[in-house]
Amino acid sequence: MVQINDNFLKLPGSYLFSEIARRVAAYSAAHPEKALIKLGIGDVTLPLPQAVTAAMHKAVDEMATASGFHGYGPEQGYAFLREAIAAQDYKARGVDIAPDEIFISDGAKSDCGNIVDLFGPDNKVAVCDPVYPVYVDTNAMSGRAGVYDEKSGKWSNLVYMPCVAENGFMPDLPGEPVDMIYLCFPNNPTGAAATMDQLKPWVEYANRTGAILLYDSAYEAFITTPGVPHTIYEIDGAQTCAIEFRSFSKTAGFTGTRCAYTVVPKALQRGGASLNAMWNRRQCTKFNGVPYVVQRGAEAVYTPEGRAQVQANLAVYQNNAKVIREGLAAAGLTVSGGVDSPYVWARTPDGVDSWTFFDRLLQEANVVTTPGAGFGPSGEGYIRLTGFGQPDATKEAVERVKAVIR
C-alpha cells in the first residue's frame, strides 16, 4: 500500500490567505450589495509598466516567426536577464555577483519553499515571529518542524525569534544552535527594515557556526532610508553564508506574470558541496524555466524607461502606505512599518484578538486586512494592511476603519 507524506497531515487548518479568501467570499455571498476594499493580500493593482508590455509584445511577435521562435529555454534563465540583474541590482551597488549565480524563477514564494530541497531533514530551522507562513509550512511539509501545538501556535522543532515592539521588531540571535535561518527585510509582515549594523551580526554568526541565511529581499525596492542595505551581499562575508530571494512581483507588478530570481553564490559551500551547483541541478530536474516572453518583459525593467515607470508605480504604493500609517495613527492605533515597506503593522484596539478585529473590519468597514495571528504567535493582537491598493480606495478604506474605531 502506498505511503503518503504524513507531514502534510500535521499542518493546521488552511493556508492563511486561503482562510482570508474563504471568509471574504462568505461575507460577499451574504452581502452582495457591499463594496469591499481589499488591503489584505499583498497583490498589486497598477498595470504593468508600458516598457514591460512593449517588450513582451515584441517578444510575442518574435515567437510568431521561424527565426525568432524560442522553445525550451535555459532552466537557469536567459543570459540577457541574468546579466542585466548582475549589472544593475548588484554591480551598481558595489556587489560582485556573477550572472551564473543568479537563477530566474516563477516567484520568490516558490523559491523560498523549494530551497528546502537542498537541506537534510535534521537541520534546525529558525524563523522570525511573526513570519511569512511559507517558511514554516514548507519545512513542516519536509519533516523539519516537528509537531504543531495548537495552544501555543508553535511547532516543536522550530526556533522562534520574537520580533515585537519591545525589540523594534528585530530578532535577536538564536539562543541555541540552528542551521537554517530565515530573514526577511524589509519585513513581511511588520514592515521593519534592517540596517547594515543590524545585519552584520547575522552574517558573522552564520559564518562562525556554519548556518545558512535564507534572505528574503522581495521588498527591497521600497527602501528609502539611508543606511538600509538593498541586498544581504552588501555585508562583507555574506557570499559564504547567504542565499537571497528577489521578485519582480511587488516592484514591477509581476504578481500575475510571474518572474523572480534567487542568488546562490559559488562561494557558498557546506559539507564539501557547492550549493550553487546543487540548486542548478535541482532547477534543471524540477523546473522548466520562465517563459521567454516574460523574461523579456523583466529585462525591460532595467531600461531607463522601465526604471522610471517602475519608480512611478512604487511612489503610488509608498504614498498609500503613508496614508494608511498616518491615518490609523491619527485614529489612535499604534502602528509601525509603511516607511521602507508597503506594509503597515497596526496593533488592534482594546486588546481585541486579530481574527476578531479582522472580522469586525470586514463586516463593519467592509475593509479586508490580514490578521496578525496568521503570521505566528507574536502576531496576535495585530493586523497587517498593504499599500498596494488604488489611491482613492486606500483613502476611503482608512476613513472607514477610522469610523469603526471611533
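What you see is a predicted model; the values in this text were computed from it and never measured. (Residues numbered from 1 in each chain as written. Predicted model: local features only at pLDDT ≥ 70, side-chain atom pairs only at ≥ 80, totals over all residues. Heavy atoms only, no water.)

### Section: the overall build of the protein
Along the protein, the regular secondary structure elements total 12 helices and 17 strands. At 21 Å, the protein has a C-alpha radius of gyration in line with the 22 Å of a compact globule built from 406 residues. In terms of its C-alpha atoms, the protein occupies a principal-axis envelope of roughly 60 × 55 × 50 Å. Here the protein holds 406 residues, and 52% of them are scored as buried. Of all intrachain contacts in the protein linking residues separated by at least 6 positions in sequence, the fraction that spans at least 24 positions is 73%. Summing over all exposed atoms, the protein offers an accessible surface of approximately 17100 Å²; the carbon and sulfur share of this is 52%. Between the mean site of the 35 positive side-chain charges and the mean site of the 43 negative ones, the protein shows a separation of 1 Å. (Helix = DSSP H or I, 4+ residues; strand = E, 2+ residues; numbered from the N terminus. Rg over C-alpha atoms; globule rule 2.2 N^0.38 Å. Buried < 20%, exposed > 50% of the residue type's maximum accessible area, 1.4 Å probe, protein only. Contact = heavy atoms within 4.5 Å. Areas by Shrake-Rupley, 256 points an atom, 1.4 Å probe, with all protein chains shown as cover. Lys, Arg positive; Asp, Glu negative; His and termini not counted. Charge placed at Lys NZ, Arg CZ, Asp CG, Glu CD.)

### Here's the deal with the nonpolar core
Among the nonpolar cores identified, the biggest contains 107 residues, and Ile115, Ile181, Ile243 and Phe248 are the most heavily contacted of them. Of all the elements, helix 3 (residues 79-90) adds the most residues to this core, at six residues. With 18 residues, the next largest nonpolar core counts Ile37, Leu39, Leu361 and Ala397 among its residues. (Core = buried A, V, L, I, M, F, W, Y, C linked by side-chain atoms within 4.5 Å.)

### Remarks on the packing of aromatic side chains
Any pair of aromatic rings gets described here by the distance separating the centres and the angle formed by the planes. Evaluated as defined, the whole model comprises 20 aromatic pairs. Ring centres of Phe169 and Tyr382 lie 6.2 Å apart, and the angle between their planes is 85°; on these two criteria the pair is classed as edge-to-face. Of this pair, Phe169 sits in the loop between strand 6 (158-162) and strand 7 (180-184) while Tyr382 sits in strand 17 (residues 382-386), and the two are 213 residues apart along the sequence. Tyr382 matches Phe169 in its accessibility class, with the two residues each being buried. Measuring from centroid to centroid gives 5.3 Å for Trp355 and Phe358, while their planes differ by 75°, and the two rings are edge-to-face. Placement of both Trp355 and Phe358 in helix 11 (residues 354-365) is noted, with a separation of three residues, approximately one turn of the helix. Ring-pair connections join several aromatic residues into one group, and the members of that group are Tyr90, Tyr233, Phe248, Phe254, Tyr261 and Tyr302. (Phe/Tyr/Trp six-rings, centres within 6.5 Å; stacked < 30°, edge-to-face > 60°.)

### Quick word on the packing of helix 11 against helix 12 (residues 391-405)
Contact pair helix 11 / helix 12: the axes reach a minimum separation of 10 Å and the direction vectors enclose 110°. As far as their axial angle goes, helix 12 and helix 11 are roughly perpendicular. Counting all contacts with helix 11, which are made through Phe357, Arg360, Leu361, Glu364 and Ala365, the residues of helix 12 involved are Arg400, Val401, Val404 and Ile405. A per-class count over the contact of helix 11 with helix 12 returns six nonpolar, no polar and three charged. (Axes fitted to C-alpha atoms, helices over the stretch in contact; angles between N-to-C directions. Parallel < 35°, antiparallel > 145°, perpendicular 65-115°, else oblique. Nonpolar A, V, L, I, M, F, W, Y, C, P; charged D, E, K, R; others polar.)

### A closer look at the packing of helix 2 (residues 50-63) against helix 9 (residues 292-300)
For any two helices packed against each other, one specifies the crossing angle of their axes together with the interaxial distance. Across the interface, helix 2 lies against helix 9 with an axial gap of 8 Å and an inter-helix angle of 145°. Helix-helix and strand crossings are classified by hand; for helix 2 and helix 9 the assignment is right-handed. Together, Ala51, Val52, Ala55, Met56, Ala59, Val60, Glu62 and Met63 of helix 2 and Tyr292, Val293, Val294, Arg296, Gly297 and Ala300 of helix 9 make up the contact between the two elements. The residue makeup of the contact of helix 2 with helix 9, split by class, is 11 nonpolar, one polar and two charged. (Left-handed = near helix turned anticlockwise from the far one by under 90°.)

### Observations concerning the pairing of strand 3 (residues 125-129)
Burial of strand 3 is extensive: five of the five residues sit out of reach of the surface. Covered by surrounding structure in strand 3 are Val125, Val127 and Asp129 together with Ala126 and Cys128, the residues of both alternating faces. Note: strand 3 against strand 6, five bridges, orientation parallel. The residue bridging Ala126 from the neighbouring strand is Val159, located in strand 6. (Pairing = 2+ DSSP bridges.)

From the geometry alone we can't say anything about function, so treat these as descriptive.
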